[in-house]
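Working through the structure, step by step
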Amino acid sequence: MIPRAMFLLAPALALQTAAAVAKDGLSWGVRQDGEGIVVAYEMPQTDDQRLFFSCDFASKSLTVRVPFFKEGMKDNAVTTAKLSSSGGQADLRMKLVSDEMGNHFEATTTLTPALQSVLRKGQSLTLHVEGETQSFPLAGGQKGFAVMAQRCGG
């Protein structure tokens, strides 16, 4: 599979990038090879990613990352992130990681039916973590999430 750093830092590898670009210049980028897929809400041609999903086809392991910094939080702090849309709600247990990619919450999990429904239904995705709420348009990520569900869903 393409190394994690390449997925994060080389958006030029994108096989498909969503045509719909939000007012802030962000859009859903989809990168896929024979071993996995990444669907990330990001600034094209940069390493600025606001929400990141990566699935390894062989293991069906899903990694979810959300950049996050809150004064006083320690590495490895654990929290629950709530993702919701008109498709329902899915909770992810996430751990704060500080590495070469910066501070982010990260979860390694599986693509549950509840999470599939959240990612594939509705107009927007809401993420609530550590008292902060962000919204992301789901348009533009649907094709990537469909492939992810087909190849990584349970």
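All values reported here derive from a predicted model rather than from experimental measurement.

**Focus: the nonpolar core**
The biggest cluster of nonpolar side chains holds 35 residues, and the ones touching the most others in it are Leu51, Phe53 and Met148. Each residue touching Leu51, except ones within four places of it in the same chain, is listed here: Trp28, Val39, Ala40, Tyr41, Arg65, Val66, Leu125, Leu127 and Phe136.

**Thoughts on the pattern of salt bridges**
Inspection of every chain in the model, using the stated rule, returns four salt bridges. The shortest N-O distance in the salt bridge between Arg50 and Asp48 comes to 2.9 Å. The residue Asp91 makes a salt bridge to Lys82 at a minimum N-O spacing of 3.4 Å.

**Details of unusual backbone geometry**
Although it is not a glycine, Gln45 adopts a positive phi angle of roughly 65 degrees. Relative to the elements of secondary structure, Gln45 occurs in the loop between strand E3 (36-42) and strand E4 (49-56). In this structure Gln45 comes out as exposed when scored by relative accessible area, which is 62%. If you check the backbone angles, Glu130 has positive phi at about 50 degrees while not being a glycine.

**Considering the packing of helix H2 (residues 113-120) against helix H3 (residues 142-152)**
Put simply, H2 and H3 touch, their axes get as near as 10 Å, and they point 165 degrees apart. As summarised for this structure, H2 and H3 are arranged roughly antiparallel, according to the angle between their axes. Seen from above, H2 lies across H3 with left-handed handedness. On H3, the residues touching Gln116, Leu119 and Arg120 of H2 are Gln142, Phe145, Ala146 and Ala149. Partitioned by chemical class, the residues of the contact of H2 with H3 number four nonpolar, two polar and one charged.

**Here's the deal with the state of the cysteines**
What the rule picks out here adds up to one disulfide. One disulfide in the model links Cys55 with Cys152; its S-S distance is 2.0 Å. Disulfide Cys55-Cys152: torsion about the S-S bond near -120 degrees, hence left-handed. With a gap of 97 residues between them, Cys55 in strand E4 and Cys152 in helix H3 connect regions that are remote in the sequence. As far as burial versus exposure is concerned, Cys55 and Cys152 are alike and both buried.

What counts, and where the lines are drawn
Residues numbered from 1 in each chain as written. Predicted model: local features only at pLDDT ≥ 70, side-chain atom pairs only at ≥ 80, totals over all residues. Heavy atoms only, no water. Core = buried A, V, L, I, M, F, W, Y, C linked by side-chain atoms within 4.5 Å. Buried < 20%, exposed > 50% of the residue type's maximum accessible area, 1.4 Å probe, protein only. Contact = heavy atoms within 4.5 Å. Salt bridge = Lys/Arg side-chain N within 4 Å of Asp/Glu carboxyl O. Helix = DSSP H or I, 4+ residues; strand = E, 2+ residues; numbered from the N terminus. Axes fitted to C-alpha atoms, helices over the stretch in contact; angles between N-to-C directions. Parallel < 35°, antiparallel > 145°, perpendicular 65-115°, else oblique. Left-handed = near helix turned anticlockwise from the far one by under 90°. Nonpolar A, V, L, I, M, F, W, Y, C, P; charged D, E, K, R; others polar. Disulfide = S-S within 2.5 Å.

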